[in-house]
Amino acid sequence: MDRLWSYGGWEVTQTHDSLRRYLLEETYELLDAIEEGDPVGLREELGDLLLQVLFHSRIAQESATDPFTVDDVARGLVDKLALRSPHLTNGHTGPIDVAEQERAWEVAKAAEKARASCLDGIAMAQPALALAEKVIERATKAGFPVELIPDELRVVRIVVGDNPEDSLRKAVMAFAARIRRAETRSRAAGSDVANMGSGDWHRVWREG
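Residues numbered from 1 in each chain as written. Predicted model: local features only at pLDDT ≥ 70, side-chain atom pairs only at ≥ 80, totals over all residues. Heavy atoms only, no water.

Draft legend 1. Spotlight on the overall build of the protein chain. If you tally the helices and strands in the protein chain, you get nine helices and zero strands. Counted from the first residue to the last, the protein chain has its helices and strands arranged as α-α-α-α-α-α-α-α-α. At 21 Å, the protein chain has a C-alpha radius of gyration far larger than the 17 Å of a compact globule built from 208 residues. The proportion of buried residues among the 208 residues of the protein chain is 24%. Within the protein chain, counting contacts between residues at least 6 apart in sequence, those at least 24 apart form 52% of the total. (Helix = DSSP H or I, 4+ residues; strand = E, 2+ residues; numbered from the N terminus. Rg over C-alpha atoms; globule rule 2.2 N^0.38 Å. Buried < 20%, exposed > 50% of the residue type's maximum accessible area, 1.4 Å probe, protein only. Contact = heavy atoms within 4.5 Å.)

So this is what it looks like as structure tokens:
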């Protein structure tokens, strides 16, 4: 990548934003290879995705305000894995309980992020169906009652002349906004948002 950069060609004209389409395309091509069970294609597409990591890191290296390198990216990942997977550093040598591993990961993640909402950190730009799944997963994990999930998020309808992607996205965004409002009201009332029970959610949800 450094050698490509040294030629001053197409590569140096790119930005994080201009590469977005390639990152998305490569991700979907990797998913296709997985779906097809194609190990040769999988290897190739993983390489293409790795190129995107290297490319974005090289662009960031030139930043005048907050530069970083691919080594910084790798170091950050190693630090995150060590923090969220205690068995890597606490001397554990045998098989571990998966449920215990997941709990430790979530506890470490919560302490690390200190998020104000159960929806913080969700990539809102992802496709509407995946976004709906993630929002519902996060909400229910935070104690949100399944019976309060809007009907338009329970069943996806494809209507001729309508854009199902846009319709579902609008419904998900409205649902997410209402969850955040409910959390804000609960917090204003002195409740611990991180430990809201079904009754707490029902009470604040009725307020709109």
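Draft legend 2. The arrangement of the nonpolar core in detail. Core analysis: the biggest nonpolar cluster contains 25 residues, and Phe-144, Leu-153, Phe-175 and Ile-179 have the highest contact counts within it. Secondary-structure elements contributing two or more residues to this core are α6 (128–141), α8 (164–188) and α9 (198–205). Broken down by element, the residue count for this core peaks at seven residues, all from α8. Phe-144 has contacts with Ala-139, Ile-149, Phe-175, Trp-201 and Trp-205, leaving out every residue within four places of it along the chain. (Core = buried A, V, L, I, M, F, W, Y, C linked by side-chain atoms within 4.5 Å.)

Draft legend 3. Layout of the pattern of salt bridges. Following the criterion strictly, the structure yields ten salt bridges and no others. When the shortest N-O distance is used, the salt bridge between Arg-20 and Asp-17 registers 3.6 Å. The exposure class of Asp-17 is exposed, given its relative accessible area of 55%. Its salt-bridge partner being Glu-207, residue Arg-185 comes within 3.1 Å of it at the nearest N-O pair. Pair noted here: Arg-185 is in helix α8 and Glu-207 is in the segment after α9, with a separation of 22 residues, a long-range link. (Salt bridge = Lys/Arg side-chain N within 4 Å of Asp/Glu carboxyl O.)

Draft legend 4. Structural view of α9. Those residues of α9 that sit buried are Trp-201, Val-204 and Trp-205. Each buried residue of α9 lies within a common arc of 100 degrees when the element is viewed along its axis, so the set occupies one face. Its buried side turned inward, α9 meets α8. (Arc of directions from axis to C-beta.)

Draft legend 5. Summary view of the layout of surface pockets. Put simply, the largest pocket is a space of about 640 Å³. Broken down by element, the lining of the largest pocket gets its largest block of residues, five residues, from helix α5 (residues 98–113). Grouping the constituent residues of the lining of the largest pocket by class yields eight nonpolar, one polar and eleven charged. By volume, the second largest pocket is sized at about 390 Å³. Considering the residues around the second largest pocket, the lining is formed by Arg-20, Leu-23, Leu-24, Thr-27, Tyr-28, Leu-31, Ala-123, Ala-125, Gln-126 and Pro-127. (1 Å grid on protein atoms, 1.4 Å probe; cavity = no way out; pocket = protein on both sides within 12 Å on 5 of 7 lines; lining within 4 Å. Points joined across faces, edges and corners; volume = space filled by probe spheres on them. Nonpolar A, V, L, I, M, F, W, Y, C, P; charged D, E, K, R; others polar.)

Draft legend 6. View of the side chain of Glu-26. On the secondary structure map, Glu-26 appears in helix α2 (residues 20–36). When sequence neighbours within four positions are dropped, the list of residues in contact with Glu-26 reads Glu-45, Asp-48, Leu-49 and Gln-52.

Draft legend 7. Spotlight on the packing of aromatic side chains. The full count for this structure, using the stated rule, is seven aromatic pairs. Centre to centre, the rings of Trp-10 and Phe-55 are 5.9 Å apart; their planes meet at 70 degrees, and the pair counts as edge-to-face. In this pair, Trp-10 is assigned in the loop between α1 (2–6) and α2 and Phe-55 in helix α3 (residues 39–61), connecting sequence segments 45 residues apart. Phe-55 gets classed as buried once you look at its relative accessible area, which sits at 5%. Note on Phe-144 and Phe-175: the rings are 5.5 Å apart at their centroids and 75 degrees apart in plane angle, and the pair reads as edge-to-face. Of this pair, Phe-144 sits in the loop between α6 and α7 (151–154) while Phe-175 is found in helix α8, placing the two residues 31 residues apart along the sequence. Grouping aromatic residues by their ring pairs yields a cluster made of Trp-5, Trp-10, Tyr-22 and Phe-55. (Phe/Tyr/Trp six-rings, centres within 6.5 Å; stacked < 30°, edge-to-face > 60°.)

In short, the description is geometric, and any link to function would need to be established separately.
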